[in-house]
Amino acid sequence: MALTITQLLCPSNKYNIKCPYIMAPEYITVHNTYNDASAMSEISYMISNNNQVSYHYAVDDTRAVQGIPLDRNTWHAGDGGSGTGNRKTIAIEICYSKSGGDRFVKAEQNASYLTAALLKERNWGIERVKKHQDWSGKYCPHRTLDMGWQRFLDMVQAELNKSNKVTMIQKEPVKTEVYRVRKSWSDTSSQIGAYTNLDNAKAACKTGYSVFDSQGNIVYTTTSVTHRYSVGQHVSFGTSYPSPTLPCGITYATSGSGHGKITAIIDGQAKYQIDYIKYCNDGDIIGIYTPQTFTTSESVSESATSDSRTKTLAVNAFYKVFAGNKWYSEVKNLEDYAGDNKNPIRAIAIKTDNGSIKYRVHIKNGGWYPYVTGYNLSDTINGYAGDCQNDIDAIEIYFITPEGYKYKKAKYRLAPIGKDYYSWQYDNETTNGQDGYAGSFGTSFGRFQLNIEE
Ligand SMILES: [Zn+2]
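Residue positions are counted from 1 within each chain, in the order its sequence is given. The predicted origin of the model limits local features to residues at a pLDDT of at least 70 and limits the giving and counting of side-chain atom pairs to 80 or more, whereas totals for whole chains, interfaces and linings rest on all residues.

Moving on, we get to the overall build of the chain. Strands are runs of DSSP state E lasting at least 2 residues, helices are runs of H or I lasting at least 4, and numbering of each runs from the N terminus. Summing up its helical and strand segments, the chain has nine helices and 27 strands in all. Burial is judged by counting the other C-beta atoms within 10 Å of a residue's own C-beta: 20 or more makes it buried, 12 or fewer makes it exposed, and any count in between marks it as partly exposed, with every C-beta position built from the backbone. A burial count over the chain gives 41% of its 454 residues as buried. This entry defines residue contacts through backbone-placed C-beta atoms, with two residues in contact when those atoms are within 7 Å. Contacts in the chain between residues far apart in sequence, at least 24 positions, make up 68% of those at least 6 positions apart.

If you want it as structure tokens, here you go:
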């Protein structure tokens, strides 16, 4: 077997974005792209954008494409600016993992071959092969993990065991990708331009045309496609992406669910833009979302009803958190705290035995998820806040006091892992130095407490 490696290297004037540090690699990190783009498209896109997302290789069913020199670091592991994953590993993206099938199987075989070749070149053993999950906990390479991580390692080991001691890699000369704008790949006479810069090709792409890479893959299109949903609809979704395209890396596809309004339909890989930080494909949308209606008795004029708010309501809060890959047992009021103070909290479920509650969480490197009101771990839409995948860095809770009772508030706080609690937050108040929420953007939290008080 031989594997062709095409080099389409990042221009050095983008090193500051894509690969700022000199690296002496110690490991190899395996990813899945979570999309259906070819290796050339994957690397072309990675080089052409200005996101701090990068990787050394993308491998598909026919070849490997290298985008970054192996003596420079890339941003792929989600473990921070000085993380071992980002600073000490060679990153390999395996293509076609979204839909899977034969071409993914072939891409994975090619990736195992490339991995083995890189190990052999360095006299490294199989223990140098890591998965993205090892660095940040993200479930990546998702399809490779679904099919069996040990199975993949066995494929690499089988290549290592082969007696051929030379790495059988052919290196094609460096060449620049050309993007052609045509109605279809086969309709060569429809071509209205050819560009080395993808952005320029996109700008030239009129309605009814697409941008093709040199292999004939569509990398951008304005050809109209049928959409099941339209702008303004409020939909529930199952998987979302922080950007219209989704190379695996620091900003990555978010498994999990939520709901939001469609604000735009865009062409290309992700079809819908949802109103809070997310993009979804057609297949990710579950259906039209029916909003929860809050019975806000408070909306009645307070002065007219304040006299009637004389009784004190007894309220107990119950809550549990998801951390370290499991749901912890329920905590009541301030009898304990939720969390283990070691693993980042990634979802929270809250209920009260009187009155009602609404709450929402903000995820690290992301935005606010919609409010939820339920307490049901099998209801991924309204049963808890968070997605069990991303660290929560803030939470907002509001207690709704029933008519006739003195107002009570949610009093709650978070503690960073291994550290003291931040100040108490009451409901969504912003007076007295409160932020309107507990937490701090960019921080992971290990403990959570809640009480309902006057
Ligand atoms: Zn990954």
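Here we take up unusual backbone geometry. Cis geometry is adopted by the peptide bond preceding P141, which originates at C140 and carries an omega value of 0°. In this structure, D427 is a non-glycine residue whose phi angle is positive, near 40°. On the secondary structure map, D427 appears in the loop between β25 (425–426) and β26 (438–439).

One nonpolar core equals one set of buried Ala, Val, Leu, Ile, Met, Phe, Trp, Tyr and Cys residues connected by C-beta atoms within 7 Å. By size, the foremost hydrophobic cluster in this structure holds 36 residues, and its most contacted members are I348, I350, I395 and F448. Listed by contribution, the elements that provide at least two residues to this core are β17 (317–323), β20 (345–352), β21 (356–363), β23 (392–400), β24 (409–416) and β27 (445–453). The contacts of F448, once residues within four sequence positions are left out, are V321, Y337, A338, G339, I345, I348 and L414.

Here the focus is the pairing of β17. The buried fraction of β17 amounts to six of the seven residues, a majority that puts the element mostly inside the structure. Here β17 runs beside strand β19 (residues 331–332); their pairing, made up of two bridges, is antiparallel. Considered in β19, the bridge of F318 is made with K332. When DSSP finds two or more bridges between a pair of strands, those strands are recorded as paired.

What follows concerns the confidence of the model for the chain. Predictor confidence is given residue by residue as pLDDT, running from a minimum of 0 to a maximum of 100. Looking at the chain as a whole, its pLDDT mean stands at 84, while 85% of the residues score no less than 70. Contacts for the low-pLDDT stretch residues 246–253, under 50 throughout, to residues beyond four places or in other chains number 35 contacts. Residue range residues 293–306 is modelled with pLDDT below 50. Its contacts to residues more than four positions away, or to other chains, number six contacts.

If you trace the four strands from one edge of the open sheet to the other, you get β9-β8-β10-β11, paired in antiparallel fashion. Across the chains shown, the open sheet's two edge strands, defined by having one partner strand only, are β9 (193–195) and β11 (218–221). The sheet shows a mean angle of 25° between the axes of neighbouring strands, direction not considered. Pairing analysis gives three bridges linking strand β8 (residues 179–182) to β9, with the strands arranged antiparallel. Following the sheet pairing, R180 is matched in β9 by A194. Angular values range over 0 to 180 degrees, each being the angle between N-to-C directions of two axes fitted as lines to C-alpha atoms, with helices fitted over their stretch in contact.

Relative to the 18 Å expected for 13 residues at 1.5 Å per residue, helix α7 (residues 149–161) spans 18 Å between its end C-alpha atoms, a close match to the ideal helical length. Among the residues making up α7, those that are buried are F152, V156 and E159. Along the axis of α7, the buried residues cluster in a sector spanning 55°; they form a single face. Opposite its buried face, α7 presents the exposed residues Q150, R151, A158 and N161, each directed more than 90 degrees away. Turning to α7, the residues buried within the fold contact α4 (102–122), β6 (129–131) and α6 (142–147). In a helix, the anticipated span is given by 1.5 Å times the number of residues less one. The directions from the helix axis to the C-beta atoms are what the arc is built from.

Moving on, we come to the sheet that holds β24. With antiparallel pairing, the three strands of this open sheet are ordered in space as β25-β24-β27. Strands at the two margins of the open sheet, each flanked by one partner only, are β25 and β27. Two strands pair when backbone bridges link them, and β24 and β25 are joined in this way by two bridges, in the antiparallel orientation. When the bridges of β25 are listed, K411 appears paired with Y426.

At a closest axis distance of 8 Å, the pairing of α4 and α7 adopts a crossing angle of 55°. Judged by the angle between their axes, α4 and α7 are oblique. Classified by chirality, the crossing of α7 by α4 is right-handed. Residues E108, Q109, S112, Y113, T115, A116, L119 and K120 of α4 touch α7, and the partners they reach there are F152, M155, V156, E159 and L160. For this classification, the nonpolar set comprises Ala, Val, Leu, Ile, Met, Phe, Trp, Tyr, Cys and Pro, the charged set comprises Asp, Glu, Lys and Arg, and every other residue, Gly included, is treated as polar. Classifying every residue of the contact of α4 with α7 gives seven nonpolar, three polar and three charged. Here the word oblique covers every angle except those under 35 degrees (roughly parallel), over 145 (roughly antiparallel) and from 65 to 115 (roughly perpendicular). By definition, any crossing whose near helix is turned counterclockwise from its far helix by less than a right angle is left-handed, and any crossing with a clockwise turn is right-handed.

Time to look at helix α2 (residues 39–48). Among the 10 residues of α2, eight are classified as buried, and the element is accordingly described as predominantly covered. Considered for burial, the residues of α2 that qualify are A39, M40, S41, E42, I43, S44, Y45 and M46. Looking at the packing, one finds that the buried side of α2 touches β3 (57–59), β4 (64–66), β5 (89–94), α8 (198–204) and β11.

Turning next to the environment of N51. Relative to the helices and strands, N51 is located in the loop between α2 and β3. When the 17 C-beta atoms within 10 Å are taken as the criterion, N51 is described as partly exposed. Separated by 24 residues in the primary sequence, N51 and W75 place their C-alpha atoms 9.5 Å from one another.

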